[in-house]
Amino acid sequence: MKCVFGPVPSRRLGQSLGIDTIPLKTCNWNCVYCQLGRTVPLTNERREYVPRYDILTQVKEALVRHAPGEIDWVTFVGSGEPTLHSGLGWLISKVKETTDLPLAVISNGSLLYLPEVRRALALADVVMPSLDAGSADLYRQINRPHPETTFDRLVDGLIAFRQAYQGKLWVEVMLVRGLNDGQEALQDIAGVLRRVRPDEVHINLPTRPPAETWVQPPDAEGLMRASAIIGDIAKVVHPAQGTYDLGGNDSVVEAIMGIITRHPMRQEELERTLTHWAPETITEVLAELAAGGQAQVVERFGTCFWSAVAARYPDEAHSAASAPGQPRRRRPIDKKDTEYEQKQSGG
Ligand code: SF4
């Protein structure tokens, strides 16, 4: 598995070399806003999903390929929850031995209640966990967690990590209209944040295609309310501007699949990004990937995004006929999706 990508412009970390330690999609949450589609099935098993030495070799090769100044951060992030990789602590220490670049981990924070996970993250310069809800009920509605990852464990883990951790703790709050942008929900979140005492709070909005069709970002009033209630340390994070470096990819297929597996993108974004290839080539390859069942088009907020078919958006098609500007065809709902719907409705 190709585990290193970019550098890509990150909302918070400039040009970031991404390290993805797990296959799409390995997660113990199933957030309604997830840009990687639904988590089917949820897993809370910590193990070595990809051999650690393979990952480290790829990181070293990528660092050699780039001149000083081309990478601002090395970031563990990717196709699910990175702390589910049991070798994460080892990998962080080896990457720190290899480079002086600052290192970040983007995590949902759900496993911080485990001492071994807190130890694994101790050497990171920045850890960015999520806190989208200040109550167990809303946590279940938004993050739809694995039963072992309870709200109390999330909060206890964040507090315990903060007490010992020497690096920067930046908590991300993803706002979803009608769920956590109201007065009460925001006051609950602020109450938990006061106990956690992060260095920064980043208010974020869904901009890539959410798993669920009904997810919308808050309106201006909801955003203002969030900034006011969460307080002075909150800052609104806007989508990054910058260049994607996909020069480490040997083929246009590898480049396209590498990026849309982790960041679903509009076609014109892909054309702007993949400057090694002509736009007509990209159009042709996308159509082939769609026809071959590797890429799909997902429509959200009135916009079409290209994503890997492995990302489960049960409402969408994955055929060339669904390419932007062409008539869309629905993907047949398969057995796993039906089981999922039944579970969600208590059936
Ligand atoms: S947003 Fe992150 S934590 Fe939530 S389901 Fe997606 S990968 Fe998992």
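Structure first, text after, so check above.
Residues numbered from 1 in each chain as written. Predicted model: local features only at pLDDT ≥ 70, side-chain atom pairs only at ≥ 80, totals over all residues. Heavy atoms only, no water.

*Asks:* Give me the environment of A133: which residues, what numbers.
*Replies:* Residue placement: A133 occurs in the loop between β5 (126–128) and α4 (136–143). In this structure A133 comes out as buried when scored by relative accessible area, which is 2%. Sequence-wise, A133 and M174 are 41 residues apart; in three dimensions their C-alpha atoms are separated by 9.1 Å. Once residues within four sequence positions are removed from consideration, A133 is found in contact with L138, Y139, F151 and I189. (Helix = DSSP H or I, 4+ residues; strand = E, 2+ residues; numbered from the N terminus. Buried < 20%, exposed > 50% of the residue type's maximum accessible area, 1.4 Å probe, protein only. Contact = heavy atoms within 4.5 Å.)

*Asks:* How would you explain the nonpolar core if you had to name every residue and give the values?
*Replies:* The biggest cluster of nonpolar side chains holds 68 residues, and the ones touching the most others in it are Y33, F76, V95, L121, L131 and I230. Excluding residues that lie within four positions of it along the chain, L131 makes contacts with L154, L158, V171, E172, V173, I189, V192 and L193. If you look at the next biggest cluster of nonpolar residues, it comprises 21 residues, including V8, I259, L286 and A308. (Core = buried A, V, L, I, M, F, W, Y, C linked by side-chain atoms within 4.5 Å.)

*Asks:* With reference to specific residues and values, describe the pairing of strand β3 (residues 73–76).
*Replies:* Because side chains alternate across β3, one face comprises the buried residues W73 and T75, and the other comprises V74 and F76, equally buried. Handedness of the β-α-β unit built from strand β2 (residues 14–19), helix α1 (residues 52–65) and β3 comes out right-handed. Here β3 pairs with strand β4 (residues 103–106) via three bridges, running parallel. Along β4, the bridge assignment pairs V74 with L103. Crossover β3 to β4 through helix α2 (residues 88–98) is right-handed. (Right-handed = clockwise from strand over helix to strand, strands pointing away. Pairing = 2+ DSSP bridges.)

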